[in-house]
Amino acid sequence: MASKGIKDRVAIVGMGCTPFGEHWDKGPEDLLIEAAREAYASANVDPEQVDAYWLGTMASGFSGLMLSEALKIPYKPVTRLENMCATGSEALRNAAYAVASGAYDLVMAIGVEKLKDSGFSGLAMANPPHDGTISSMTAPATFSLLAPAYSKKYNVPEDTLKQVLARIAWKNHKNGARNPKAQFRKEVSMDTICNAPPVAGMLGIFDCSGVSDGAAAAILCRAEDAHKYTDKPIFIKALAFAAGPAEGYFSQNYDFTTFPEVVRSAEDAYRQAGVTNPREEISMAEVHDCFTPTELVLMEDMGFSPRGQAWRDVLDGRFDGDGPQPVNPDGGLKSFGHPIGASGLRMMYEMWLQLRGEAGPRQIANPKLGLTHNLGGAPGRCVSFVSIVGL
């Protein structure tokens with residue numbers, strides 16, 4: 001059974017986000033403090049007023065003590081959680097449900113990751129012992145399988161598809177160049193993207209998200225209390241999560257042109273929010289563009305494009321910053337990198353800015369509903385989170 005939803009019962013009343021990038025001079029605790037202070041200030045509260053905390057981190061710390069010690073909030077309930085690359089979104093989802101249940105009045109969801117210190121991108125830790133069916137392929141290799149599968153199923157020539165993928169990277173870097181908190185703040189030409197050194201299959205360097213450090217935080221309360229803290233709250237319309245059957249690696253019928261987990265979580269979110277036509281009703285989206293073919297497939301899984309047509313929408317500029325349905329207006333994982341525990345909340349930070357009219361040169365005209373999507377794992381073995389927020 002899908003979630004019954006908490007539409008318009010919980011509000012976000014404060015947010016903070018550090019610049020993402022190489023923070024060699026800071027530890028994860030420093031990043032947590034920076035993100036939390038910005039969130040406290042934007043909600044006009046001090047740490048003592050926050051009843052409980054949810055901390056998302058994949059491998060930068062253990063237990064709630066990491067946050068309790070950093071923020072000097074002794075004896076507060078702090079829950080540390082992890083759900084692969086959807087960790088930051090999971091912190092927000094669990095914090096929102098705690099408010100909706102009536103257990104707490106004011107809570108914080110916060111996420112952090114320090115990946116530059118580890119030298120790894122993505123899921124920076126080994127799999128636990130398993131039955132041998134989990135692929136040993138790298139993340140770029142696994143996600144690269146989406147491109148030839150899409151090309152074959154929808155009869156899109158590979159040279160045309162290469163242009164489509166390059167345009168996704170070009171778009172996200174163009175958006176990131178307008179974001180002072182992005183790791184990469186330069187536009188990149190189509191020629192540079194297309195001629196970049198190969199990484200895996202059709203993917204070159206600019207088809208892959210980078211490695212970075214960062215943190216982001218949100219403060220939530222009951223909807224009826226929202227205007228005590230800010231005159232411009234945003235409201236949660238839907239929170240959906242799906243963990244798949246993880247059968248893709250040994251299923252002969254697995255289709256690499258779709259993520260069933262994304263389809264299920266998007267359908268659940270639209271049902272909760274009352275969205276019947278996401279192509280027309282969702283004003284903007286932050287999606288998990290870990291690799292460019294991932295963003296292409298997501299456009300169809302979330303109903304932004306008909307099946308087999310997203311590549312045309314990409315080339316037509318539908319998802320550009322000034323297009324009819326902007327996707328990754330902040331620059332996405334391509335421009336920010338992907339510090340696991342922070343990415344989901346960084347996506348929500350852009351919704352916070354856009355819905356409040358505070359996104360500066362990236363501002364979208366009159367947005368009504370924003371969607372964030374966070375994918376954890378890989379094709380055939382993943383979890384998916386979708387949120388919808390609005391005014």
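Placed above this text is the structure.
Throughout what follows, the structure given in this document is the object of discussion. (Residues numbered from 1 in each chain as written. Predicted model: local features only at pLDDT ≥ 70, side-chain atom pairs only at ≥ 80, totals over all residues. Heavy atoms only, no water.)

Some thoughts on the packing of helix α6 (residues 158-176) against helix α10 (residues 292-301)
To keep it simple, the criterion reads: For helices, the fitted line uses only the C-alpha atoms of the stretch in contact; every axis is such a line through C-alpha atoms, and the angle between N-to-C directions lies from 0 to 180 degrees. Labels follow the DSSP assignment, with helices taken as runs of H or I lasting at least four residues and strands as runs of E lasting at least two, numbered in each case from the N terminus. To sort the angles, those under 35 degrees are grouped as roughly parallel, those over 145 as roughly antiparallel, those from 65 to 115 as roughly perpendicular, and the leftovers as oblique. Throughout, a contact is declared for two residues whenever any of their heavy atoms are within 4.5 Å. Three classes are used, and their members are as follows: Ala, Val, Leu, Ile, Met, Phe, Trp, Tyr, Cys and Pro are nonpolar, Asp, Glu, Lys and Arg are charged, and the others, Gly among them, are polar.
Direction vectors running N to C along α6 and α10 enclose 95°, while the axes themselves pass 9 Å from each other. One finds that α6 runs roughly perpendicular with respect to α10. Of the residues in α10, those in contact with L161, V164, L165, I168, A169, K171 and N172 of α6 are T292, P293, E295 and L296. Across the contact of α6 with α10, the residue classes tally to seven nonpolar, two polar and two charged.

Overview of a negative patch on the surface
So the rule is basically this: Each patch is built from salt-bridge-free residues with over 30% relative accessible area, joining like charges within 9 Å and nonpolar side chains (Val, Leu, Ile, Met, Phe, Trp, Tyr) within 5 Å. Where accessible areas are quoted, they stem from the Shrake-Rupley method and a 1.4 Å probe; at the residue level, only the protein chains shown are allowed to cover. Salt bridges are identified by distance alone: a Lys or Arg side-chain nitrogen within 4 Å of an Asp or Glu carboxyl oxygen. Counting rule for charge: Lys and Arg are taken as positive, Asp and Glu as negative, and neither His nor the chain ends is counted. Where a charge lies is defined by one atom per residue type, namely NZ (Lys), CZ (Arg), CG (Asp) and CD (Glu).
There is a patch of like negative charges on the surface, built from D25, E29, D30 and E69. Structurally, D25 can be placed in the loop between β1 (10-17) and α1 (28-43).

Some thoughts on the packing of helix α5 (residues 146-153) against α10
Where we set the bar: For a crossing to be left-handed, the near helix must be turned anticlockwise from the far one by less than a right angle; the clockwise case is right-handed.
Viewed as axis vectors pointing N to C, α5 and α10 meet at an angle of 45°, and their least axial separation amounts to 9 Å. Judged by the inter-axis angle, α5 sits oblique to α10. The element α5 and its partner α10 pack so that their crossing is left-handed. Within the contact between the two elements, α5 uses L146, A147 and Y150 and α10 uses P293, T294, L296 and E300. Residues of the contact of α5 with α10, tallied by class, amount to five nonpolar, one polar and one charged.

Here's the deal with the sheet that holds strand β7 (residues 213-222)
Where we set the bar: Paired strands, as defined in this entry, are two strands with at least two bridges between them according to DSSP.
Pairing is mixed across the open sheet formed by nine strands, whose spatial order is β3-β2-β4-β7-β1-β8-β11-β10-β9. Single-partner strands in this sheet number two, and they are β3 (78-81) and β9 (284-286). This sheet shows a mean twist of 25° between the axes of neighbouring strands, independent of strand direction. Both strand β8 (residues 234-243) and strand β11 (residues 381-390) contribute to a ladder of eight bridges, which runs antiparallel. Its bridge partner lying in β11, A240 is registered against V386. Contacts between helix α8 (residues 260-273) and the sheet are confined to β8, β10 (369-378) and β11, with β8 contributing the most and set at about 150° to the helix. Running at roughly 110° to β1, helix α13 (residues 340-355) makes contact with β1, β2 (52-56), β4 (106-114), β7, β8, β9, β10 and β11 of the sheet.

Some words on the packing of aromatic side chains
For the record, the criterion: Each Phe, Tyr or Trp ring (for Trp, its six-membered ring) is paired with any other whose centre lies within 6.5 Å, and the angle between the two planes then decides the class: stacked below 30 degrees, edge-to-face above 60, tilted in between. Working definition: with a 1.4 Å probe on protein chains only, accessible area under 20% of the residue-type maximum means buried, over 50% means exposed, and in between means partly exposed.
Tallied over the full model, the rule gives six aromatic pairs. Where W54 meets Y104, the ring centres are 6.1 Å apart and the plane angle is 75°; that geometry is what we call edge-to-face. Here W54 is found in strand β2, whereas its partner Y104 is found in the loop between α3 (87-100) and β4, with 50 residues between them in sequence. Owing to a relative accessible area of 10%, W54 belongs among the buried residues under this scheme. What makes Y104 partly exposed here is its relative accessible area of 25%. Seen in terms of ring centroids, F143 and F259 are 6.4 Å apart; in terms of plane orientation they differ by 40°. Their pairing is tilted.

Topic: the side chain of E295
Under the convention used in this document: Nitrogen and oxygen atoms within 3.5 Å of one another constitute a polar contact, given that in protein one can donate a hydrogen and the other can accept it, and given that sequence-neighbouring residues count only through two side-chain atoms.
Locating E295 in the fold gives a position in helix α10. Looking at E295, its side chain comes within polar contact range of the side chain of N172, at 3.0 Å. Sequence-distant contacts of E295, that is, excluding residues within four places in its chain, are made with I168, K171, N172, V287, D289, V327 and N328.

Things to note about unusual backbone geometry
Phi at M84 is positive, roughly 50°, even though this residue is not glycine. Relative to the helices and strands, M84 resides in the loop between β3 and α3. Positive phi outside glycine occurs at N328, with the angle close to 55°. Relative to the helices and strands, N328 resides in the loop between α11 (310-316) and α12 (332-336).

What about the nonpolar core?
Applicable threshold: Residues grouped as a nonpolar core are buried Ala, Val, Leu, Ile, Met, Phe, Trp, Tyr and Cys residues, joined through side-chain atoms within 4.5 Å.
In terms of nonpolar packing, the biggest core is built from 47 residues, with L296, M302, F304 and I388 touching the most fellow members. For this core, the elements supplying multiple residues, two or more each, are α5, α6, β8, α8, α10, α11, β10 and β11. For this core, the element with the most residues is α8, which contributes five residues. Setting aside chain neighbours within four positions, we find I388 in contact with F235, I236, K237, A238, A269, Y270, A273, V275, I282, L369, G370 and L371. I12, A91, A182 and M348 belong to the second largest nonpolar core, which has 39 residues in total.

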